[in-house]
Amino acid sequence: MNATLPLLEKTLFPALKRGRLDTLQVNLGYRCNQSCLHCHVNAGPNRTEMMDEATMALIPQVLAARSIRTLDLTGGAPELHEGFRDLVRAARAQGVRVIDRCNLTILSEPGQEGLAEFLAGQQVEVVASLPCYSAANVDRQRGDGVFDKSIAALRQLNVLGYGQPGSGLVLNLVYNPQGPSLPPDQQALQADYKRELFEHFGIVFNELLALTNMPIQRFGSTLVSKGSFDAYMDLLKGSFQPQNLAGVMCRSLVSVDWQGWLYDCDFNQQLDLPLGTSGVRRHLRELLRTGLQAQPIRVAGHCYGCTAGQGSSCGGALAH
């Protein structure tokens, strides 16, 4: 795979500092039942990296020590970690909001029977990847048959109350562009998704989150191979909107990898850029005794992806 960090390290991106930490985003491991072209984690069925029990046990302690109100679980497919359900129960028992970044097809995997019912019972917020409402586009990006499995999973979640008015069960969908372009207007695209998914499949959901593809890992390597990396970076830099700096996720979120190391965001994690600007690795256990407020954030060229156009974060468009 082509390395992209050497192409991103020299940057004029503005300096940033942290605010109050309110979200702990934890990558439980890189194993996944899919291998998607746009995946910035380079996850797949053959990855073996998974968080150990000792590191997993630190998570509820850190949530309490730092009064963190949101636990955002990602991967790979985070549900494939054998400790996923126990961790969710522990966080929910503390009154913490839990987000599961779900690829939908995991609900039909062997060994995941009852997963949807578990998520509903724990009132876990589901953020589900669905890069298009067209079967052809989804299968092209994620593999044959993925769209049909995704639709089946969404129907299953709807039956349990997800996305239904007044249920309290939040179901948000995630859109990624098919190639090296910025996402369209999030609100307009959301209206299209809601119309198409309801008219053709009877599916409802809460919000659509439009995310920019980051020029790193599998997607970035593909850009390099096709000779379009520089053009995509020019697009991101040329679309920079300074007003988006106030809402970038790294100001209020810290990313944790499967070994417990800390990063300013999930993208920095995949580039192996440690938390802050000192270059010294810091571990999750350090958050038991100290916070991160006002500390500098490590930036590089890919940060333009979060601030281009309407902006992009784990919660979707910043302008929205």
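Residues numbered from 1 in each chain as written. Predicted model: local features only at pLDDT ≥ 70, side-chain atom pairs only at ≥ 80, totals over all residues. Heavy atoms only, no water.

**What to know about the environment of Glu-79**
Within the fold, Glu-79 resides in the loop between strand E3 (70-74) and helix H3 (84-93). Assessed through its relative accessible area of 4%, Glu-79 is described here as buried. The sequence separation of Glu-79 and Gln-295 amounts to 216 residues, and the corresponding C-alpha distance is 32 Å. Excluding its chain neighbours within four sequence positions, the residues that come into contact with Glu-79 are Phe-84, Asp-100, Arg-101, Cys-102, Ile-106, Gln-112 and Leu-115. (Helix = DSSP H or I, 4+ residues; strand = E, 2+ residues; numbered from the N terminus. Buried < 20%, exposed > 50% of the residue type's maximum accessible area, 1.4 Å probe, protein only. Contact = heavy atoms within 4.5 Å.)

**Description of empty space enclosed by the protein**
Within this structure, the stated rule accounts for two cavities of 30 Å³ or more. Taken as a whole, the second largest cavity holds about 110 Å³ of empty space. If you go around the second largest cavity, you meet 14 residues; those closest to its centre are Val-248, Cys-250, Cys-265, Cys-303 and Cys-306. (1 Å grid on protein atoms, 1.4 Å probe; cavity = no way out; pocket = protein on both sides within 12 Å on 5 of 7 lines; lining within 4 Å. Points joined across faces, edges and corners; volume = space filled by probe spheres on them.)

**Regarding unusual backbone geometry**
Omega for the bond connecting Gly-75 with Gly-76 falls within 30 degrees of zero, at 20 degrees, which places this linkage in the cis form. Mapped onto the elements, Gly-76 comes out in the loop between E3 and H3. Despite not being glycine, Leu-104 shows a phi value in the positive range, around 75 degrees. On the secondary structure map, Leu-104 appears in the loop between strand E4 (97-102) and helix H4 (115-121). Residue classification places Leu-104 among the buried positions, given a relative accessible area of 0%. A positive phi angle, close to 60 degrees, is found at Asp-272, a residue other than glycine.

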